[in-house]
Amino acid sequence: MNRSWTRTSMVGLMVCYSVVMLTLWIRTKSFKTSEPQVTDRKWNLQHGRKAAKLDLEPSKAHTGFAAQEKGEGSWSNSNWKQQLGKEREGNLEPIETEAEVPLAVPEEERAVLEPGEDNTWIVPEREKEKMDKHTEETKDRENNQTSDKEKKVEPKAMPPPAIPEGYRLNLSSFMTEGEFMKMVVPLHEAARAREHPPGKITAAGDKGNKQESLETRAFFINMLWKQTALTNRSKVCIVSVTSADQQGLRKMVFPWIQYHLEVGVGRFYLFYDGSDERALQLLQRLEAVHVVPLQAPFANQSTVVDLSNFEKGHKQWGGRPGNYALMVKQAFAIKSAIAHAKWENMDWILHLDQDELFVGDKERTSNIAELLHSQPRHVGSVKFFNNEAYPEQEDVSNPFDQVTLFKVNPALCPASMAQQRWKAVIGPNRRVILLYGNGKSAARLDAPGLRQAGPHEFRADRSQRWVTPENPDGDWVIQKSESSTILHYAYCTIDAVLQKAERSCPPEYKRAAILNDRNKTKECFVIDFDQDAYHVATRGDPDEIRSFFLARVVLEPGAVGKCYKQGRPGYCLLEDVEGLKTYLLRVGLLQRSLLPQRILRMHERMIQNLLRVPHLL
């Protein structure tokens, strides 16, 4: 019995032990499945896919990442429990993605992702090599397939047509010549509306239209002449013909005199062909200026007779109207000024108009007296080529102050750019330089037989005066300057176009201009552009005048160039006008000159100070 009890007790103990162990094993198993451990393969794979969709770390692929973005705290173990419960109940918030991004590893070969210590998902070392190798093979296979598809489907791309450097036309804006003149103003206004900030150069001081300050300005010119006469002792003089009224004095003539006094000119011979008595009186007050009236009632009788005889005896232009009559008066003025300048012991004489300014060599000197007096003894004349103004805006009231861009004379352009000059042409213009391009000349007054050869050059006799080792035959030598130039401010304002109708031709030619009889009006003009401006100004249509000025003179956004469409000539909008200007400046086809602006702005500040303190006058 004791043995039987003992056997029974042992069996009972073993059963109890088994029951206890079984219970412990069941409880342990239940506890493990309540936590999100790595043994839950389905949960890990699901969150691994979400991480792949976002191309983020797996820990940021579930709603814990959204909670962190909202500032709701970090992702902790307690969050895992709550998240797992929601997921199993189907309440997990969806993650917004642009498109499904499949994993590179097939389902059966995906590695088991394990949570790291910092709650980021990592790949066990035993799976990394296998995944990397498979990923590389998959990418190579996809790249090969893509390249094969491109070879089969996409044709070989043709290179784009060559576009001239610095010059682009918008071919979609093609206009015929008839359409173009109607669209000029809208094109420019639309371009200005797009420009921000507007690229507008405003004039310093008043805008040139105020005439009340003329007395003060005359006083300032006399003061400036005395100052420069003491320092320069200049023996250089300028001769010119003018018909300016008081407004013309303020806008052009007075600033023209001020500037040239500053750069070394010591004397001016002005032949007045106008009818404004007060303007003549103001000119006669200037101590640096010798004024000779050409017309009655201001001129001496002897001057009127001499001019009339000179016009009749002029073989080339005598008796012809318009520009030819003006050139005859200029020739008479130069001849008279040579005699007067010799009597006053001047050394050099230069003929300039009031819309022309001399600019010296930047590297040597900006003083014309120093430049001319440094010429070799055998040089009798120096030719300065003219660069023509290129206004960059319509609203120009003071050209010397607001216009700083100039078209370089073809004689001064780099030889390599000779075939590129057409890029500086706008609208229906046929050439870069709209007016003359043969410059102006200065000559020694002691040259034997010195005489004018038109408004642009001088001539003299062969003489021992010029004999040097460089010029053994004593020929008349004209030295062409390659650095000093004449800035020609031609047609910088709409008023300059309007004035063509008033002073270019006699009244009987106006009817021919209105009827567009170019054969008749050609009798007045040497240059075609002057004739075109005269026709437009005579018809008197403000819109036509403005369109002419914008289309052919102003280089600003809205400008057009010549183009062709299906063999038809027309005009297209220039793209990137500022870029075109930069290119033309860089290659030497345009030039920026700021010296006149700086000098005249300095003078304007002085004049404004005098106007504030009138008792100094």
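Our structure is the block above this text.
What this report covers is the structure whose coordinates are included nearby. Chains are numbered independently. Their residues run from 1 in the order of the written sequence. Selection of residues for local features in this predicted model requires a pLDDT of at least 70, selection of side-chain atom pairs for listing and counting requires 80 or more, and totals for whole chains, interfaces and linings are taken over all residues. To obtain the side-chain values, all non-hydrogen atoms of the structure were included, while hydrogens and water were left out.

**Here we look at the pattern of salt bridges**
The cut-off we apply is this: Salt-bridge detection follows one rule: a side-chain nitrogen of Lys or Arg within 4 Å of a carboxyl oxygen of Asp or Glu. Strands are runs of DSSP state E lasting at least two residues, helices are runs of H or I lasting at least four, and both sets are numbered from the N terminus onward. Under the scheme applied here, a residue whose accessible area is under 20% of the maximum for its type counts as buried, over 50% as exposed, and between as partly exposed, the area being computed with a 1.4 Å probe on protein chains only.
Counted under the stated rule, the structure contains 27 salt bridges. Note that Arg 285 is salt-bridged to Glu 215, the shortest N-O span being 2.1 Å. With Arg 285 in the loop between helix H9 (277-284) and strand E6 (289-293) and Glu 215 in helix H7 (residues 214-232), this residue pair connects regions lying 70 residues apart in the sequence. What makes Glu 215 partly exposed here is its relative accessible area of 35%. Through salt bridges with shared partners, a single ionic network connects Glu 392, Glu 578, Lys 581 and Arg 592.

**Some thoughts on the pairing of strand E15 (residues 560-565)**
Just so we agree on the cut-off: Two strands qualify as a pair provided DSSP detects at least 2 bridges between them.
Alignment of E15 against strand E16 (residues 568-575), held across 6 bridges, turns out to be antiparallel. Note that in E16 the partner of Lys 562 across the bridge is Tyr 571. Counting the residues in the hairpin turn of E15 and E16 gives 2 residues, including Gln 566, whose phi is positive at 55°.

**Comments concerning the sheet that holds E16**
Quick reminder of the rule: Axis angles are defined between N-to-C directions and span 0 to 180 degrees, where every axis is a line fitted to C-alpha atoms and, for a helix, only to the segment in contact. Whether two residues are in contact is decided by their heavy atoms: any pair within 4.5 Å suffices.
If you trace the 3 strands from one edge of the open sheet to the other, you get E3-E16-E15, paired in antiparallel fashion. Every other strand in the sheet has two partners, leaving strand E3 (168-175) and E15 as the edge strands with one partner each. Between one strand axis and the next, the sheet turns by 50° as a mean value, whatever way the strands run. Along the sheet, helix H6 (residues 177-194) contacts E3, E15 and E16; its crossing angle with E3, the most-contacted strand, is approximately 115°.

**A closer look at the state of the cysteines**
Note the following rule: The definition used for a disulfide is geometric: two cysteine sulfur atoms within 2.5 Å.
Inspection of every chain in the model, using the stated rule, returns 2 disulfides. Here Cys 505 is linked by a disulfide to Cys 524, with a sulfur-sulfur distance of 2.4 Å. Here Cys 505 is found in the loop between helix H15 (500-503) and helix H16 (510-514), whereas its partner Cys 524 is found in the loop between helix H17 (518-521) and helix H18 (528-539), with 19 residues between them in sequence. Comparing Cys 505 with Cys 524 shows no difference in burial state: the two are buried.

**Regarding the side chain of Asp 530**
Along the chain, Asp 530 turns up in helix H18. Of the residues examined, Asp 530 reaches a relative accessible area of 7% and is grouped as buried. Aside from chain neighbours lying at most four places away, what touches Asp 530 is Asn 323, Leu 435, Tyr 491, Lys 500 and Phe 525.

**Observations concerning the packing of aromatic side chains**
Using the following cut-off: Stacked, edge-to-face and tilted are the three classes for Phe, Tyr and Trp ring pairs, Trp counted by its six-membered ring, which pair at centre distances within 6.5 Å; planes under 30 degrees apart are stacked, over 60 edge-to-face, the rest tilted. Any Lys NZ or Arg CZ found within 6 Å of a ring centre and within 35 degrees of that ring's normal is scored as a charge over the ring.
Scanning the model with the defined rule gives 9 aromatic pairs in all. Three or more aromatic residues link up through ring pairs in this structure, and these residues are Phe 400, Phe 406 and Tyr 489. When the ring centre of Tyr 324 is taken as origin, the NZ or CZ atom of Arg 320, which lies over that ring, is 3.7 Å away. Over the ring of Tyr 390 we find Lys 407; its NZ or CZ atom is 4.5 Å from the centre of that ring.

**Let's talk about the packing of H6 against helix H19 (residues 542-552)**
To be explicit about the condition: Should an angle lie under 35 degrees it is considered roughly parallel, over 145 roughly antiparallel, and from 65 to 115 roughly perpendicular; all remaining angles are considered oblique. We call a crossing left-handed when the near helix sits turned anticlockwise from the far one by less than a right angle, and right-handed when that turn is clockwise. Polar here means any residue outside two lists: the nonpolar Ala, Val, Leu, Ile, Met, Phe, Trp, Tyr, Cys and Pro, and the charged Asp, Glu, Lys and Arg; Gly therefore counts as polar.
The geometry of H6 relative to H19 is characterised by a closest axis approach of 9 Å and an angle of 70° between their N-to-C directions. Considering the angle they form, H6 stands roughly perpendicular to H19. In this structure, H6 crosses over H19, and the sense of that crossing is left-handed. Facing H6, whose interface residues are Phe 180, Met 181, Val 184, Val 185, His 188, Glu 189 and Arg 192, H19 presents Arg 546, Ser 547, Phe 548, Leu 550 and Ala 551. Looking at the contact of H6 with H19 residue by residue, the class counts come to 7 nonpolar, 2 polar and 3 charged.

**Notes on unusual backbone geometry**
In the segment running from Ala 296 into Pro 297, the intervening peptide bond is cis, with an omega of 10°. Locating Pro 297 in the fold gives a position in the loop between E6 and helix H10 (301-313). Despite not being glycine, Tyr 491 has its phi angle at roughly 55°, a positive value. Its relative accessible area of 7% is what places Tyr 491 among the buried residues.

**Focus: helix H11 (residues 323-343)**
In an α-helix, one turn spans 3.6 residues, which is why side chains three or four residues apart end up on the same side. Using the following cut-off: An expected span of 1.5 Å times one less than the residue number is assigned to each helix.
In this model, H11 (21 residues) spans 30 Å end to end at C-alpha, consistent with the 30 Å of a helix rising 1.5 Å per residue. One or two steps after H11, the chain reaches Asn 345, where phi turns positive at roughly 60°.

**Some thoughts on the packing of helix H8 (residues 246-262) against helix H21 (residues 595-612)**
Close contact between H8 and H21 brings their axes to 10 Å; oriented N to C, the two are set at 105°. By the angle between their axes, H8 is roughly perpendicular relative to H21. Counted together, Arg 250, Pro 255, Gln 258, Tyr 259 and Glu 262 of H8 and Leu 595, Pro 596, Ile 599, Leu 600, Met 602, His 603, Glu 604 and Ile 607 of H21 form the full contact between these two elements. Tallied by class, the residues present in the contact of H8 with H21 amount to 8 nonpolar, 2 polar and 3 charged.

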